[in-house]
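Remarks on the overall topology
Spelled out, the chains give:
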Amino acid sequence: MPATPSYLTRSTSTPFASPGGSYGYRSTEDESIVLEIGARYLRGGFSGEPQPRCTLAFPPDEQRRVGDYRAFMPTHAFRERRDTGPWGEDHELWKMDLRGQDLGLVQDKLERALRKAYNEHFLLDKPRKVLLSVQTGLSRPLLETVLSVLFGSFMVPVVTLMSPAVLVTAAAGLRSGLVMDIGWAETTITAVYEFREVKMRRTIRAGKLLSRDMGKMLEHEWEQHNAQSGSLREAEDTHVTFDQADEVLCRMGWCMSMEEAASRSKQDDASSNTEADTPISIPLSRSSPFSRVSIPFSKFALPVETALFSTGTPPHELDAHDQPLPILAYTILQSLPVAPRDICMARLVFTGGCAHIPGLKTRLTEEIHTLVRDRGWDAVRQYPPKITPRQRSEAPKQRSDAPTAAQQSVSDEQANGENGALGTAELRDSLPEVGAPPSSSLGSERPHATLAAEAKRERIAEKDGPVKGVVRGVESLGAWAGGSLMGTLRTGGRVEIEREKFMREGLGNGAGVWG
Amino acid sequence: MAQSFPYTYYSCPCYDASGAIPTSIAAKRASQLSAGSAQDDDEDEQTFDPQSSRANYSLFPIEHLLYCADCKQIRCPRCVTEEVLCWFCPSCQLEAGSSAVRGDGNRCQRNCLNCPVCIAPMQVSSLKPSVPNYQLSDEEARGSDGPWILQCLYCQWTSLDIGVHFEKISGIAKQLLDIKNGGELVPPQRERDKDRKLKIDLLDKRRHPDDYRPEERPKADEGKHLQADDAAPTEPVDFDEQYANLLAFYRSQLSREKSSNDHSRHSKYLSRLLSATGRARSNDTKARTMTEARNVDEGLTLVSSKFEALKIQRMKEGGWENTVDATQRLRQINPTVRFSSELRPLPTHLRTKRTKRCRQCRQILSRPENKVVSHRYKIKLLALNQIPRLSIRALAAPPLPFPGASLAPGITPFKYDSLSPFSTTQYLLTLTNPLFDPIKVTLATPSMTSGRIQSKITVLCPQFDVGANTDVWDEALGSGSARRGDAVAPGGPGAQAQAEAGKVWDKGRNWTSVILEVVPGRFVPKDDKTSAPEQDGGVDDDEDYLRSKGLREDEDVLEIPIFVRIEYETESTAVEDRERGTALSASLGNARGDSRGDAGKGKERREEAFWCVLGVGRIALG
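The rules behind the values
Residues numbered from 1 in each chain as written. Chains lettered and ligands numbered in written order. Predicted model: local features only at pLDDT ≥ 70, side-chain atom pairs only at ≥ 80, totals over all residues. Heavy atoms only, no water. Helix = DSSP H or I, 4+ residues; strand = E, 2+ residues; numbered from the N terminus. Buried < 20%, exposed > 50% of the residue type's maximum accessible area, 1.4 Å probe, protein only. Contact = heavy atoms within 4.5 Å. Areas by Shrake-Rupley, 256 points an atom, 1.4 Å probe, with all protein chains shown as cover. Domains from an automatic or database assignment. Buried area = accessible area lost by both parts, 1.4 Å probe. Salt bridge = Lys/Arg side-chain N within 4 Å of Asp/Glu carboxyl O. Pairing = 2+ DSSP bridges. Axes fitted to C-alpha atoms, helices over the stretch in contact; angles between N-to-C directions. Disulfide = S-S within 2.5 Å. Parallel < 35°, antiparallel > 145°, perpendicular 65-115°, else oblique. Nonpolar A, V, L, I, M, F, W, Y, C, P; charged D, E, K, R; others polar. Polar contact = N/O pair within 3.5 Å; in protein donor to acceptor, adjacent residues only side chain to side chain. Phe/Tyr/Trp six-rings, centres within 6.5 Å; stacked < 30°, edge-to-face > 60°. pLDDT = per-residue confidence, 0-100. Expected span 1.5 Å × (residues − 1). Arc of directions from axis to C-beta.

1. Let's talk about the overall build of chain A
Counting secondary structure elements, chain A contains 19 helices and 13 strands. Looking at chain A as a whole, 57% of its 515 residues qualify as buried. In chain A, once contacts between residues fewer than 6 apart in sequence are set aside, the share between residues at least 24 apart is 72%. For chain A, the accessible surface area stands at approximately 21200 Å², while carbon and sulfur atoms represent 54% of it.

Written out as structure tokens, the structure is:
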């Protein structure tokens, strides 16, 4: 029977396919350009390559006039410049808040960055298709600005829009997962199920807040340092600029594990200072390049605690927009239907700039695991006091069967692994002490390593079915690499925008682009 | 300003031409809300504001501008399209073939590498202690064997810092690909692919033993060493390796789906029929064959607390110096490196020679010669040859014989960096005409500069003529009238001249100078809104924030926007030229739009108009 050859046959690899260029770069002519545009960085490169060709930021020094070379002057150290305007504003491409945002300026900035990418890194001889990954929540005027730059200035024939959450999932080798994008202005947590975005929620606890807290911490430490080192220095201006805070965050920021955080919160700040805490000396001073400020290493983890985990803020002061990350992830998992929840909780994928902070992925996994273990999936956090004593009296009886509640919860799910619904129902029943304070001793008994081992055992136990019902973190290569994979596999996109049509009609007023 | 005072910037008219791109109603509404474009409708009538944040993108020194002779407009780098003529390495000056370029990541594949710390070019040098042997020629000395290293001559970073040395002196960039940091060799791509295939096959046989014949099924202890079923690796998985694994995994998934479809062609045919009749497409085959990655070789890596703890430990022990800064990190091929021991030398980026075309009419504006070493151009239409050049200097400043010349001792230079507020300063604005026809110039400036420091500007003579750019000898050999400038208008430093309103200060063959009077304003930090009208009227919080914080960068620089309009008569070249001329004058909203020369004489009246920004100095504070 004659049949049209499948579209996929052409794209799949054959023994005759070349193993790729020397850098992993492929010299094929029809690879498309993959762009990932965020508020702080633009990544661009060709599909089929593991790394983007360029990662461009939007610092103020890039925004100067042509012929203004002051950024290269030896006197122009970044420490000398003071910030004007709100924190970090002159380092970002756009704000989510369009009030007071000059779209023309966004266009100018983006065009300059893209021109740099095209002229210095891509070196194309003819226009290529573009695979664009921008946040799905990006407001329409901004998306239109991006598209008009691509179509208007770079003669791109077709732009394919891809959702970063889906790309991140694909770049982790998964089909479903809970994608936590800890980005610049906000953290987006998206539940992806079979390559579909099922649920998304955001919080402002992300990079911007984090770098600001880092700046505050540095200022505080600097003042203390000056006060200690003598009266001469006290008059020194200890304003920490955005550049400094950002750099310190990228270089020295880290995240404590749950144990460390718990033990730290028990102690006073004063007493923890005296411990054997390696001092890290960093150059902060503006006055002379050689004077440095020594800061204990543990201090560099504090901004992460306050900014992302909202340590020190009572829960009732947190509003819907600034929930700490573990709580938000838990809330999303809770609101998911049972089957996706089982799958997603075993696939926590972390991405975004702040996810590179060492220790953060482990910590988030631990926190979410603790939350799930302590609260179950019961939407009610606190039962009326009448019920509680009865439940508490029943609790030890139930628990006597299993070694610990946590192991029971996991093993229950393992037992019912083939039926996710039953598994979670069991889990809920097995945790009757709802509203009881999370016991920190359990958390310290079961570090992440055992969790991973458990997950592995579970996987071996049932080889065919996907892992579900346990909390597990998975590494992803990121949205750009995901776009690069999808581009080279020719999977095609849901949303393709053609140049002619866009130039004629714009995005139009019809259905949304992501529809 | 890195550009030293005084300076002139030209504004390319393309900055407000972005309206040509359609935007939906939503976008328009949003842009109306935003500050700068509130009066979009009468953009032409608006005074150019050099302080607005968008001005940085539309102002250029005249040397950077091209001129399209067909459109009769200035063309900036934003309004040209570019075509690559050839690729070359700026370091070794050798051309790279177009086919090889992209395969090598647009980087030089020879010995051109840049230092990862300071981006200076690196040198290949021998590790052997160099015995000065003057009998040996340079060639022989270099031919001496030994492990070779890369060395940065600027910051003294060597490839030994990351434990890398090379066996051969040639093709360093290629050799570098096969060496990991620390000196370990990377197994060739083919072996890695083979290894991965073995593991995955084994895993597949274990998972689906029924799909295989009994003799093909794996024995119980076969391939234990391959660790085929482990998603928690013993050492961190390389980024590129994981990518390759994932790519291979997805490829195999796609091909498996295809092959399974071949086996069950009938069912597929059936499902196609079903979908054609509107029934849901059967997902059975897809769901069975497409799975997610399950181990490292398929691309799945679990978050490992061990590796993260190791990283923290390294940060703790190594301290600040052990980590790389932001610029170094972004330059790396892998932009997620954290420690200085992970840095890699960077092969030099290739550069290109490009043809530039006008975006509107596709005419070539500049085309360099194809040869890499040649600096000549075949076509080069510079704005410099078409647009009058404005130059400005303080009248009190002693004239320099040429730009950049040092002053004679004893004469104090004019301090452009500290203009005293509220005192009148006179500037000499000189227009030089590059055209071969005399031009009529009309200048216009706002009487007050915008922004929070308001300075008063007066052009004493806003309308004047500038002579044609005739032969230089005309001036030298010409009659007294040509040298009238020197005789009549006493521009020399010795003469005590008074600037008079309505009169030009000085005049030469193809240049005319007029006086510009400037009264710099003063910055009052706690200004109320009546005396400092909100020119960018953004969000109130921001405005207050700025006011409390004092001046923004460069807010104290006194820049004068000036609108220059020139009119001249020239030989008409073609009919369409005239049409374009009319279109241009109409677009400028000129009242004298009908000022076309009569066609009988073949003369044509033309107009040009553009905004310039004159940077006249920095106002002293306090």
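Text resumes after the structure shown.
2. Concerning the overall build of chain B
Of the regular secondary structure elements, chain B holds 15 helices and 22 strands. When the accessible area of chain B is evaluated, it comes to approximately 33000 Å², of which 52% is carbon and sulfur surface.

3. Considering the environment of P121 of chain B
All names here are of chain B. As for its position among the elements, P121 is in the loop between β7 (113-114) and β8 (122-126). Sequence-wise, P121 and V373 are 252 residues apart; in three dimensions their C-alpha atoms are separated by 19 Å. Non-local contacts of P121, meaning those with residues more than four positions away in its chain, are made with L113, N114 and L153.

4. Here's the deal with the domain arrangement of chain A
Accessible area lost on assembly of the parts is the figure often given for the size of an interface. Residue and element names in this part refer to chain A. Looking at the assigned domains, one finds that chain A contains domain 1 (28-58 + 93-167 + 476-514), domain 2 (174-205 + 313-391) and domain 3 (207-308). Listed as interface residues are 17 residues of domain 2 and, on the opposing side, 19 residues of domain 3. Summed over both partners, the interface of domain 2 with domain 3 buries about 1400 Å², with 66% contributed by carbon and sulfur atoms. Interface area lost by domain 2 to domain 3 is led by W184, R205 and R363, which between them contribute 44%. A salt bridge links E305 to R363; its shortest N-O distance comes to 2.5 Å.

5. So, helix α11 (residues 338-345) of chain A
The buried fraction of α11 of chain A amounts to six of the eight residues, a majority that puts the element mostly inside the structure. Among all positions in α11 of chain A, only P340, R341, D342, I343, C344 and M345 of chain A are buried.

6. Re the sheet that holds strand β21 (residues 557-571) of chain B
Residues and elements named next belong to chain B. If you walk across this open sheet you meet the six strands as β2-β1-β22-β21-β16-β18, and the pairing is antiparallel. Where the open sheet ends on each side, the last strands, each with one partner, are β2 (59-60) and β18 (463-466). Where strand β16 (residues 439-444) and β18 come together, four bridges link them in antiparallel fashion. Along β18, the bridge assignment pairs K440 with D465.

7. Looking at the sheet that holds strand β11 (residues 348-351) of chain A
Residue and element names in this part refer to chain A. Read from one edge to the other, the open sheet built from five strands follows the order β8-β7-β6-β11-β12, with strand pairing classed as mixed. The open sheet is flanked by β8 (196-203) and β12 (473-474), the only strands paired with a single partner. As defined by bridge partners, β11 adjoins β12 across two bridges and the pair is classed as parallel. When the sheet's bridge partners are listed, L348 is paired in β12 with G473. Helix α10 (residues 325-335) contacts β6 (177-182), β7 (187-193) and β8 of the sheet and is inclined by roughly 145 degrees relative to β8. Taken strand by strand, α11 contacts β6, β7 and β11, and its axis lies near 115 degrees from that of β7.

8. What to know about the state of the cysteines
Residue and element names in this part refer to chain B. Applying the stated criterion to the full structure yields zero disulfides over all chains. Looking at C358, it has no disulfide partner, and the nearest cysteine sulfur is the one in C361, 3.6 Å off. Classification of C358 as buried rests on a relative accessible area of 0%.

9. Comments concerning the pattern of salt bridges
For side chains of opposite charge, pairing can occur when their charged atoms come near one another. A full pass over the atoms with the stated rule returns 35 salt bridges over all chains. Among the ionic pairs, D108 of chain A bridges to R54 of chain B, the shortest N-O distance being 2.7 Å. One end of the pair, D108 of chain A, is in helix α2 (residues 103-122); the other, R54 of chain B, is in the loop between α1 (25-33) and α2 (55-58), on a second chain. For the pair D108 of chain A and R54 of chain B, one class covers both residues: buried. Between R115 of chain A and E111 of chain A there is a salt bridge, and its shortest N-O distance comes to 3.0 Å. With R115 of chain A and E111 of chain A both in helix α2 and four residues apart, the pair spans about one turn of that helix. Both residues of the pair, R115 of chain A and E111 of chain A, count as buried. One salt-bridge network, held together by shared partners, links D108, E111 and R115 of chain A together with R54 and R78 of chain B.

10. Thoughts on the packing of helix α5 (residues 207-229) of chain A against helix α6 (residues 242-252) of chain A
Residues and elements named next belong to chain A. Contact geometry for α5 and α6: axes closest at 8 Å, N-to-C directions at 100 degrees. On the basis of the axis angle, α5 is roughly perpendicular to α6. For the pair formed by α5 and α6, the contact residues are L210, S211, M214, G215 and L218 on the first element and F242, A245, D246, V248 and L249 on the second. Classifying every residue of the contact of α5 with α6 gives seven nonpolar, two polar and one charged.

11. Quick notes on the side chain of E36 of chain A
Secondary-structure assignment places E36 of chain A in strand β1 (residues 33-37). Here W480 of chain A takes part through its backbone nitrogen, which lies 3.3 Å from a polar atom of the side chain of E36 of chain A.

12. Let's talk about the packing of aromatic side chains
In the structure shown here, the tally under the stated rule is 14 aromatic pairs over all chains. Between Y118 of chain A and F122 of chain A, the aromatic rings sit 5.1 Å apart at their centres with planes inclined by 65 degrees, giving edge-to-face as the arrangement. Taken together, the residues Y118 of chain A and F122 of chain A, both in helix α2 and four residues apart, mark about one turn of the helix. You can call F122 of chain A buried: its relative accessible area is 0%. Between F249 of chain B and Y250 of chain B the ring centres are 5.4 Å apart and the planes differ by 55 degrees, which places this aromatic pair in the tilted class. Relative accessible area serves as the criterion here: at 1%, F249 of chain B is assigned to the buried category.

13. Description of the pairing of β8 of chain A
Across seven bridges, β7 of chain A lies against β8 of chain A in antiparallel orientation. Bridging from a neighbouring strand, I189 of chain A pairs with R201 of chain A of β8 of chain A.

14. Quick word on the pairing of strand β2 (residues 41-46) of chain A
Side chains on a regular strand alternate between the two faces of the sheet. All names here are of chain A. Bridge count for β1 against β2 is five bridges, and the pairing is antiparallel. Residue I33 lies in a different strand from β2, and its bridge partner there is F46. Hairpin connection, β1 to β2: the antiparallel pair is bridged by three residues. As judged from the four bridges shared by β2 and strand β3 (residues 54-57), these two strands associate in the antiparallel manner. Bridging from a neighbouring strand, Y41 pairs with A57 of β3.

15. Focus: the confidence of the model for chain B
All names here are of chain B. Counting all residues, the mean pLDDT for chain B is 73, and 66% of those residues have values of 70 or more. Scored below 50 in pLDDT, residues 223-229 shows 14 contacts in the model against residues more than four places distant or in partner chains. Between residues 527-548, whose pLDDT stays under 50, and residues either more than four places distant or in other chains, the model counts 32 contacts. Across the interfaces of the predicted complex, the ipTM metric reaches 0.79, alongside a pTM of 0.79.

16. Digging into the environment of L300 of chain B
Residue and element names in this part refer to chain B. Locating L300 in the fold gives a position in the loop between α9 (284-289) and α10 (305-318). Taking the relative accessible area as the measure of exposure, L300 reaches 2% and is therefore buried. L300 sits 54 residues away from L246 along the chain, and the two C-alpha atoms are 7.9 Å apart.

17. Digging into the side chain of D108 of chain A
Residue class for D108 of chain A comes out buried when judged on its relative accessible area of 2%. Excluding residues within four positions of it along the chain, D108 of chain A makes contact with R54, Y57 and R78 of chain B.

18. A look at α10 of chain B
Given a rise of 1.5 Å per residue, 14 residues ought to cover 20 Å, and the 20 Å separating the end C-alpha atoms of α10 of chain B matches this to within 8%. Buried residues of α10 of chain B: F307, E308, I312 and M315 of chain B, and no others. In an axial view of α10 of chain B, the angular spread of the buried residues amounts to 140 degrees, which keeps them on one side of the axis. Exposed residues lying more than 90 degrees from the buried face of α10 of chain B are L310 and E317 of chain B. Residues of α10 of chain B that are buried in the fold lie against α6, β9 (279-282) and α12 (360-375) of chain A. In the stretch just after α10 of chain B, G319 of chain B is the one whose phi turns positive, near 75 degrees.

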